[in-house]
2 protein chains.
Amino acid sequence: MTRRVPLVEKITKANDRLADTNRALLAGHRLASLNLMSSPGAGKTTLVEQTVAGLASSLRLGVVEGDMVTSLDAERAAAAGAKSVQINTGGSCHLDAGMVGDALGQLPLAELDLVIVENVGNLICPAAFDLGTACNVLVASVPEGDDKPFKYPTMYRGVDVMVINKIDLLPHVTFDMDHFRSGVEALNEGVTTFLMSCRTGEGVAAWLDWVREQVHQERGDD
Amino acid sequence: MTRRVPLVEKITKANDRLADTNRALLAGHRLASLNLMSSPGAGKTTLVEQTVAGLASSLRLGVVEGDMVTSLDAERAAAAGAKSVQINTGGSCHLDAGMVGDALGQLPLAELDLVIVENVGNLICPAAFDLGTACNVLVASVPEGDDKPFKYPTMYRGVDVMVINKIDLLPHVTFDMDHFRSGVEALNEGVTTFLMSCRTGEGVAAWLDWVREQVHQERGDD
């Protein structure tokens, strides 16, 4: 995102309208949906893999992967057992609602229970673009350091759920969990938080329970 | 950076002119200059601290810190012994040449040997904005994963030097160094590379030697 100029305001407004269209489409199919955001390399794709592997026996999953180039992540999601679509953004540093709308059109929405969108790795611009998904999830990771809520407040303020990933690295890095969480709390009080290591599997079960609950709520299951 | 539209082209051209102005200003003072870029949390600020601590007894250093908000990084650079200026970009996800020009105006350039610019943590947009600095340095970090050159090719292609940081974490993460380096080589053959752990100090001495060499070259020392 460049500095706020009239064109950028127009782009944001146009995006919001397309996000509303996506929201209505997903609601019409009673589809739960997540938008995963993070720095590059915080573990979004590994979280997608863990989620698909953990739920594919009971739920039907669609994955929209956003990257500048390559289809590496869509291939990983498909290998784990999801229907997947890759968006290549070219030079763009975030997904927008139009790109996601195009991708949703390529998924068999009537045959799915959950759509996971994996955004481009970036802690700034993705926070400014509503995609129409039900839940914004930030994947923070321990080796990034405990100062990130203070330095990227827009992202930390705007999310519904936070995953603190790579907790297996806590003994090997300088990371004060209390300092980190106090920074998060100041921006986003009481945000639902999962401590996790996608690599070792620690904490993944609680996340899967929460994702199942989102699907049941969206479907109106008892 | 949003999709390429005429306004974005205009912004890039205006930026290039301001970058030329910065380049001339730095050359006029025979000042070496580095632009450090990376993902959030790859270790740019710790590299600045190590560089200032290692060189401040023999060289006079200025640091320009770029962040969305806060002056945390400028305080760290100043505590390490540099003259420092903080740029707060607000919503912007990268530094541009105009911001850096303003910051250079706040530094006593005639009394410095080296200026280090620390960009905003982002692997995409900073690569598109020439700042007028002599050398673009990418700080990659091991926990980000070995697929990053493949996914963020513009950044990896455009840099003059690469630091591979956090090598102390290699035993604790999944990172195939050969795969990573083959991806880098395909984009940026023979790029000068430093293996480093800013946390343990491993590899820092070779980096400091290289930085000293840049200063001597710029000054025309024998």
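Cut-offs used in this document
Residues numbered from 1 in each chain as written. Chains lettered and ligands numbered in written order. Predicted model: local features only at pLDDT ≥ 70, side-chain atom pairs only at ≥ 80, totals over all residues. Heavy atoms only, no water. Helix = DSSP H or I, 4+ residues; strand = E, 2+ residues; numbered from the N terminus. Buried < 20%, exposed > 50% of the residue type's maximum accessible area, 1.4 Å probe, protein only. Contact = heavy atoms within 4.5 Å. Pairing = 2+ DSSP bridges. Axes fitted to C-alpha atoms, helices over the stretch in contact; angles between N-to-C directions. Phe/Tyr/Trp six-rings, centres within 6.5 Å; stacked < 30°, edge-to-face > 60°. Least-squares fit on C-alpha atoms with pLDDT ≥ 70 in both. Salt bridge = Lys/Arg side-chain N within 4 Å of Asp/Glu carboxyl O. Polar contact = N/O pair within 3.5 Å; in protein donor to acceptor, adjacent residues only side chain to side chain. Parallel < 35°, antiparallel > 145°, perpendicular 65-115°, else oblique. Left-handed = near helix turned anticlockwise from the far one by under 90°. Right-handed = clockwise from strand over helix to strand, strands pointing away. Arc of directions from axis to C-beta. Core = buried A, V, L, I, M, F, W, Y, C linked by side-chain atoms within 4.5 Å. Disulfide = S-S within 2.5 Å.

**Student:** What exactly am I supposed to notice about the overall build of chain A here?
**Tutor:** Helix and strand counts for chain A stand at eight helices and seven strands. The dimensions of chain A, computed from C-alpha atoms along their principal axes, are 50 × 45 × 35 Å. Within chain A, the proportion of its 222 residues that are buried is 56%. The long-range fraction of contacts in chain A, counting pairs at least 24 apart against all pairs at least 6 apart in sequence, stands at 72%.

**Student:** How should the sheet that holds strand β3 (residues 83-88) of chain B be read in this particular structure?
**Tutor:** Hydrogen bonds along the backbone pair up the strands of a sheet, which may run parallel or antiparallel. All names here are of chain B. With parallel pairing, seven strands are arranged side by side in an open sheet as β3-β2-β4-β1-β5-β6-β7. The outermost strands of the open sheet, each flanked by one partner alone, are β3 and β7 (192-195). Strand-to-strand, the axes of this sheet are offset by a mean angle of 20 degrees, without reference to chain direction. The pairing of strand β6 (residues 161-165) with β7 spans four bridges and is classified as parallel. Looking across to β7, one finds that M162 is bridged to T193. Docked against the sheet, helix α7 (residues 177-187) engages β5 (135-141), β6 and β7, running at close to 165 degrees with respect to β6.

**Student:** Sorry if this is basic, but what is going on with the packing of aromatic side chains here?
**Tutor:** A ring pair, where both rings are aromatic, is described by two values, the distance of the centres and the angle of the planes. The full count for this structure, using the stated rule, is ten aromatic pairs over all chains. Aromatic pair F194 of chain A and W207 of chain A: ring centres 5.7 Å apart, planes at 85 degrees, arrangement edge-to-face. Residue F194 of chain A is found in strand β7 (residues 192-195), and its partner W207 of chain A is found in helix α8 (residues 204-219); the two are separated by 13 residues along the sequence. Residue classification places F194 of chain A among the buried positions, given a relative accessible area of 11%. With centroids separated by 6.0 Å and ring planes inclined at 80 degrees, the aromatic side chains of Y156 of chain B and F180 of chain B adopt a geometry described as edge-to-face. Of this pair, Y156 of chain B sits in helix α6 (residues 153-158) while F180 of chain B is found in helix α7, placing the two residues 24 residues apart along the sequence. Owing to a relative accessible area of 1%, Y156 of chain B belongs among the buried residues under this scheme. You can call F180 of chain B buried: its relative accessible area is 1%. Among the aromatic residues, those joined into a ring-pair cluster are Y156, F175 and F180 of chain A.

**Student:** What is the right way to look at the sheet that holds strand β1 (residues 32-37) of chain A in this model?
**Tutor:** Residues and elements named next belong to chain A. Read from one edge of the open sheet, seven strands run β3-β2-β4-β1-β5-β6-β7, paired in parallel fashion. Whereas interior strands pair on both sides, the edge strands pair on one side only; in this sheet they are β3 (83-88) and β7. Each neighbouring strand pair of the sheet contributes to a mean axis angle of 20 degrees, computed without reference to strand direction. Across five bridges, strand β2 (residues 61-67) lies against strand β4 (residues 114-118) in parallel orientation. Across the sheet, the residue bridging to V64 is V117, located in β4. This element, helix α3 (residues 72-80), spans β2, β3 and β4 of the sheet and lies at about 175 degrees to β3.

**Student:** Before we go on, may I ask you to explain the relation of the copies chain B and chain A in this structure?
**Tutor:** Put simply, the second copy of the chain is the first one after a rotation about an axis and a shift along it. With an RMSD of 0.0 Å, the operation that places chain B on chain A is a rotation of 180 degrees combined with a shift of 0.0 Å along the axis. Seen this way, the second copy is the image of the first under a two-fold rotation axis. Most of the interface of chain B is mirrored in chain A, where 100% of its interface residues again form contacts.

**Student:** It is not clear to me how the interface of chain B and chain A should be interpreted in this structure. Could you clarify?
**Tutor:** By a widely used convention, the size of an interface equals the accessible area lost when the partners come together. On the chain A side, the residues contacting the 45 residues of chain B number 45 residues. Between chain B and chain A we count four salt bridges in total. Between D73 of chain B and K151 of chain A there is a salt bridge whose closest N-O contact spans 2.5 Å. Put simply, chain B and chain A have 13 residue pairs in polar contact (both at pLDDT 80 or more) between them. At the level of secondary structure, the elements contributing two or more residues to the side of chain B that touches chain A comprise α1 (6-28), α3 (72-80), α5 (148-151) and α6 of chain B.

**Student:** I keep staring at the packing of helix α2 (residues 44-55) of chain B against helix α8 (residues 204-219) of chain B and nothing clicks. Help me out?
**Tutor:** The geometry of a pair of packed helices is captured by two quantities: the angle between their axes and the separation between those axes. Residue and element names in this part refer to chain B. The interhelical angle for the contact between α2 and α8, taken along N-to-C directions, is 70 degrees, at an axis separation of 10 Å. With respect to α8, the axis of α2 lies roughly perpendicular. Crossing hand, α2 versus α8: right-handed. Where α2 abuts α8, its residues L47, Q50, T51, G54 and L55 lie against V204, W207, L208, V211 and R212.

**Student:** What am I meant to see in the pairing of β6 of chain B here?
**Tutor:** Remark: a regular strand shows side chains that alternate across the two faces of the sheet. All names here are of chain B. Judged by how many residues are buried, β6 sits mostly within the fold: five of five residues are covered. Covered by surrounding structure in β6 are V161, V163 and N165 together with M162 and I164, the residues of both alternating faces. Direction of pairing for β5 relative to β6: parallel, over a ladder of five bridges. By the bridge assignment, A140 is partnered in β6 with I164. For the crossover from β6 across α7 to β7, the handedness is right-handed.

**Student:** Would you mind showing me how to read α3 of chain A here?
**Tutor:** All of the buried residues along α3 of chain A are D73, A74 and A77 of chain A. End-on view of α3 of chain A: buried residues confined to an arc of 100 degrees, all on one side of the axis. In this structure, the buried side of α3 of chain A is in contact with α2 (44-55), β2, β3 and β4 of chain A together with α5 of chain B. G81 of chain A lies just past α3 of chain A and shows a positive phi near 120 degrees.

**Student:** Just to check I follow, could you spell out the nonpolar core for this structure?
**Tutor:** Nonpolar side chains in soluble globular proteins tend to end up buried together. Core analysis: the biggest nonpolar cluster contains 48 residues, and Y156 and F180 of chain A together with F180 of chain B have the highest contact counts within it. For this core, the secondary structure elements donating two or more residues are β5 (135-141), α6 (153-158), β6 (161-165) and α7 (177-187) of chain A together with β5, α6, β6 and α7 of chain B. Apart from residues no more than four positions distant in its own chain, F180 of chain A is found in contact with A140, G145, D146, P149, Y156, M162, I164 and F175 of chain A.

**Student:** Quick question: what am I supposed to make of the state of the cysteines here?
**Tutor:** Cysteine pairs can be linked by a disulfide, which is a covalent bond between their two sulfur atoms. Residues and elements named next belong to chain A. Taken as a whole, this structure holds zero disulfides over all chains when the rule is applied. The cysteine C135 is free of any disulfide, with C198 supplying the nearest cysteine sulfur at 16 Å. Accessibility expressed as a relative area gives 8% for C135, which makes it buried.

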